[in-house]
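Listed below are the residues making up each chain.
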Amino acid sequence: VVVDSSKFDAGFKRGGQTKEHMQLIRALGLNTIIVAINKLDVCGWKQEVFEDLKEQVHRFLTSREVGVAYKTENIVYVPISGFDGLN
């Protein structure tokens, strides 16, 4: 699943589709998930931004809110770039 770091609140906190996509992936029975945190170039590749978003997503994925919680060892986080916000 791809998480947009530049519009994280809209996609994750305010009822956006990011959480819904994660729940759908889990509902399909997938036990492993790769979370690509995109557009980190927009924030200057700040490690603290990556870690903050990773923590928020991780809290959700390992909770019952996602359905059946993912195990920590089955979640991979990858920082990626959209080249100045363009995909």
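Structural notes, computed from the coordinates.

Thresholds, definitions, all that
Residues numbered from 1 in each chain as written. Predicted model: local features only at pLDDT ≥ 70, side-chain atom pairs only at ≥ 80, totals over all residues. Heavy atoms only, no water. Phe/Tyr/Trp six-rings, centres within 6.5 Å; stacked < 30°, edge-to-face > 60°. Helix = DSSP H or I, 4+ residues; strand = E, 2+ residues; numbered from the N terminus. Buried < 20%, exposed > 50% of the residue type's maximum accessible area, 1.4 Å probe, protein only. Lys NZ or Arg CZ within 6 Å of the ring centre and 35° of its normal. Contact = heavy atoms within 4.5 Å.

Considerations on the packing of aromatic side chains
So, step 1. Applying the stated rule across the entire model yields two aromatic pairs.
So, step 2. Where F8 meets F12, the ring centres are 4.8 Å apart and the plane angle is 25°; that geometry is what we call stacked. Remark: F12 and F8 occur in helix α1 (residues 8-13); sequence separation between them is four residues, near one turn of the helix.
So, step 3. The buried category is assigned to F12, whose relative accessible area is 6%.
So, step 4. What links up through ring pairs into an aromatic cluster is the set F8, F12 and F60.
So, step 5. The positively charged end of K19 is found above the aromatic ring belonging to F12, 4.9 Å away from the centroid.
So, step 6. Above the face of the Y70 ring, R26 is positioned so that its terminal group lies 4.5 Å from the ring centre.

Thoughts on the environment of V1
So, step 1. You can see V1 is positioned in the segment before β1 (2-4).
So, step 2. Separated by 39 residues in sequence, V1 and L40 place their C-alpha atoms 15 Å apart.
So, step 3. The residues touching V1, leaving out its near neighbours within four places in the chain, are H21, M22, I25, I33, I34, V35 and A36.

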